[in-house]
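# What the coordinates show
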Amino acid sequence: MELEFIRWLNNRIAAHPGARLGIGDDAALLEWADRGDCVVTSDLLMDGAHFRLEAGDPPKRIGHKALAVNLSDLAAMASRPVAAFVSLALPRNGGLPLAQDLVEGMLPLAEQFQVAIAGGDTNIWGGPLVISVTAVGMATEHGVLRRDGGRPGDWLLVTGALGGSLLGRHLDVEPRVAEALVLNDQFEIHACLDISDGLALDLSRLASASGCGAILEAAAIPVSDAARQLAQRGDGRSSPLDHALSDGEDFELLFSVAPDVGQKILAAQPLAVPIRHIGELTDEPQLWLRREDATLEPLAARGFEHQ
Ligand SMILES: [Mg+2]
């Protein structure tokens, strides 16, 4: 099956200028500019944990997600995607069409962000589908963004709206690659990450990497329509804000900047997606949520915890 899959891939995937040598040899060759760092990230997605084939998640959307979550990590570092390597552990039945559908789901995204699918591996086994994608990106002349550069007093800004990804967005991930490149090109960003496991949990990671704490303003957090819908269905157990704080798989950018830079970004709104000011980094290590009536309560770093 592997030979047939590779033959199909070679017909399906056009030669890419970023990959001097792609699928078919022992290893790939990537064309590299001589200035920037190489940024590498990897994600493992397993049937039953990150998607559910039996419940009807379409393989093409799963393929899209597998590549998109990796591109989101490259975006978090403000690097330019170059290539992706896709490895599949396929179930015994229907392995070839499944592999083809997964790749078909990746190709529009690969084209959009000019990513070469330059290699990988496939195996067949008695277990469920497992997808491993490794993505390689190139730092730009502005360097990369990291999560440890935040400073006390920094404004916390976020793109888009948060919460409710279970209603579909967790499969239709839109990596903020172009947005991160624009931000890093035009403004001095101190720290950045992509929200994969929930605003509260990922904020705790940014704050602790930066040696800070944080205060979030409840009224300022952009709550998605999907978060409101989920809250309605949940019989009031979780509010829309709870969903926005801890659902995860938003894949929006959370970043910190000096207050004067934050004011410029809010005035310019340089992206197609809105940017909101949701809080500040603080000296003290704790996380707080300021409610609309100005009361402060401790913010639990809750979100999607990987097993
Ligand atoms: Mg990330």
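Reading guide: rules and limits
Residues numbered from 1 in each chain as written. Predicted model: local features only at pLDDT ≥ 70, side-chain atom pairs only at ≥ 80, totals over all residues. Heavy atoms only, no water. Donors = N, O, S within 2.8 Å, 3.2 Å for Na, K, Ca; no water. Helix = DSSP H or I, 4+ residues; strand = E, 2+ residues; numbered from the N terminus. Buried < 20%, exposed > 50% of the residue type's maximum accessible area, 1.4 Å probe, protein only. Core = buried A, V, L, I, M, F, W, Y, C linked by side-chain atoms within 4.5 Å. Contact = heavy atoms within 4.5 Å. Domains from an automatic or database assignment. Buried area = accessible area lost by both parts, 1.4 Å probe. Salt bridge = Lys/Arg side-chain N within 4 Å of Asp/Glu carboxyl O. Polar contact = N/O pair within 3.5 Å; in protein donor to acceptor, adjacent residues only side chain to side chain. Nonpolar A, V, L, I, M, F, W, Y, C, P; charged D, E, K, R; others polar. Phe/Tyr/Trp six-rings, centres within 6.5 Å; stacked < 30°, edge-to-face > 60°. Pairing = 2+ DSSP bridges. Axes fitted to C-alpha atoms, helices over the stretch in contact; angles between N-to-C directions. Right-handed = clockwise from strand over helix to strand, strands pointing away. Parallel < 35°, antiparallel > 145°, perpendicular 65-115°, else oblique. Left-handed = near helix turned anticlockwise from the far one by under 90°.

### Describing the coordination of the magnesium ion
- The coordination sphere of the magnesium ion contains the protein donors Asp-73 (OD) and Asp-194 (OD), at a distance range of 2.1 Å. Of this pair, Asp-73 sits in helix H2 (residues 59-76) while Asp-194 sits in strand S8 (residues 191-194); the two residues are 121 residues apart in sequence, bridging distant segments of the chain.
- For Asp-73, a relative accessible area of 23% puts it in the partly exposed group.
- With relative accessibility at 2%, the residue Asp-194 sits in the buried group.

### Details of unusual backbone geometry
- Although it is not a glycine, Phe-251 sits at a positive phi angle of roughly 55°.
- Mapping Phe-251 onto the fold places it in the loop between helix H7 (240-246) and strand S10 (253-257).
- Located in the positive-phi region is Ala-294, a residue other than glycine, with phi close to 75°.
- If you trace the backbone, Ala-294 turns up in the loop between strand S12 (287-290) and strand S13 (296-298).

### Details of the nonpolar core
- Grouped together as the largest cluster of nonpolar side chains are 56 residues, with contacts concentrated most on Ile-131, Ile-189, Phe-255 and Ile-265.
- Of all the elements, helix H3 (residues 95-112) adds the most residues to this core, at nine residues.
- If sequence neighbours within four positions are ignored, Ile-265 has contacts with Leu-157, Phe-187, Ile-189, Phe-255, Val-257, Pro-270 and Ile-275.
- Listed in part, the 27 residues of the second largest apolar core include Ala-191, Ile-195, Ala-207 and Leu-289.

### Section: the domain arrangement of the protein
- When cut into domains, the protein gives domain 1 (2-139) and domain 2 (155-298).
- The straight-line distance from the C-alpha centre of domain 1 to that of domain 2 is 28 Å.
- Counting residues at the interface gives 18 residues for domain 1, matched by 18 residues for domain 2.
- Between domain 1 and domain 2, a total of about 1500 Å² is buried, with carbon and sulfur atoms accounting for 63% of that surface.
- Run the count over domain 1 and domain 2 and you get two salt bridges.
- As a salt-bridge pair, Asp-172 and Arg-61 come within 2.9 Å of each other at their nearest N and O atoms.
- At the boundary of domain 1 with domain 2, the tally comes to five residue pairs in polar contact (both at pLDDT 80 or more).
- Where the side of domain 1 that touches domain 2 is concerned, the elements lending two or more residues are H2 and strand S4 (79-91).
- At 10 residues, the largest contribution of residues to the side of domain 1 that touches domain 2 is made by H2.
- Split into classes, the residues belonging to the side of domain 1 that touches domain 2 amount to nine nonpolar, four polar and five charged.

### What to know about the packing of aromatic side chains
- Per the stated rule, a full pass over the model turns up one aromatic pair.
- With a centroid separation of 6.0 Å and an interplanar angle of 10°, the aromatic rings of Phe-5 and Trp-8 are classed as stacked. On the criterion of helical spacing, the pair formed by Phe-5 and Trp-8 is a turn pair, its members being three residues apart in helix H1 (residues 2-12).
- Residue Phe-5 is classed as buried on the basis of its relative accessible area of 4%.

### Comments concerning the side chain of His-170
- Within the secondary structure layout, His-170 lies in the loop between strand S7 (155-159) and helix H4 (177-186).
- Contacts of His-170, omitting those with residues within four sequence positions, involve His-50, Lys-65, Ser-165 and Glu-249.

### A word on the sheet that holds S7
- Ordered by their spatial adjacency, seven strands build an open sheet running S8-S10-S7-S11-S9-S12-S13, and the pairing between neighbours is mixed. Since the sheet does not close on itself, it has two edges, and those belong to S8 and S13, each with one partner. Direction aside, neighbouring strands of the sheet carry axes that sit 25° apart on average.
- Where S12 meets S13, three bridges bridge the pair, whose relative direction is antiparallel.

### Quick word on the pairing of S4
- By the criterion of burial, S4 is predominantly enclosed, with 10 of the 13 residues buried.
- Two strands pair when backbone bridges link them, and S4 and strand S6 (residues 130-139) are joined in this way by 10 bridges, in the antiparallel orientation. Looking at the pairing, Pro-81 lines up with Gly-137 of S6.
- Summarising the sheet, S4 and strand S5 (residues 116-125) pair through nine bridges and their orientation is parallel. For Val-86, the partnering residue across the bridge sits in S5 and is Gly-120.
- Note on the crossover from S4 through H3 to S5: the handedness is right-handed.

### Notes on the packing of H2 against H3
- Their axes nearest at 7 Å, the elements H2 and H3 cross at an angle of 50°. As the angle between them shows, H2 and H3 are arranged oblique. The interaxial crossing formed by H2 with H3 has right-handed handedness. Taking contact as the criterion, the partners of Pro-59, Lys-60, Ile-62, Gly-63, His-64, Ala-66, Leu-67, Ala-68 and Leu-71 in H2 are, on H3, Leu-98, Asp-101, Leu-102, Glu-104, Gly-105, Met-106, Leu-109 and Ala-110.
- Residue composition of the contact of H2 with H3, grouped by class: 11 nonpolar, three polar and three charged.

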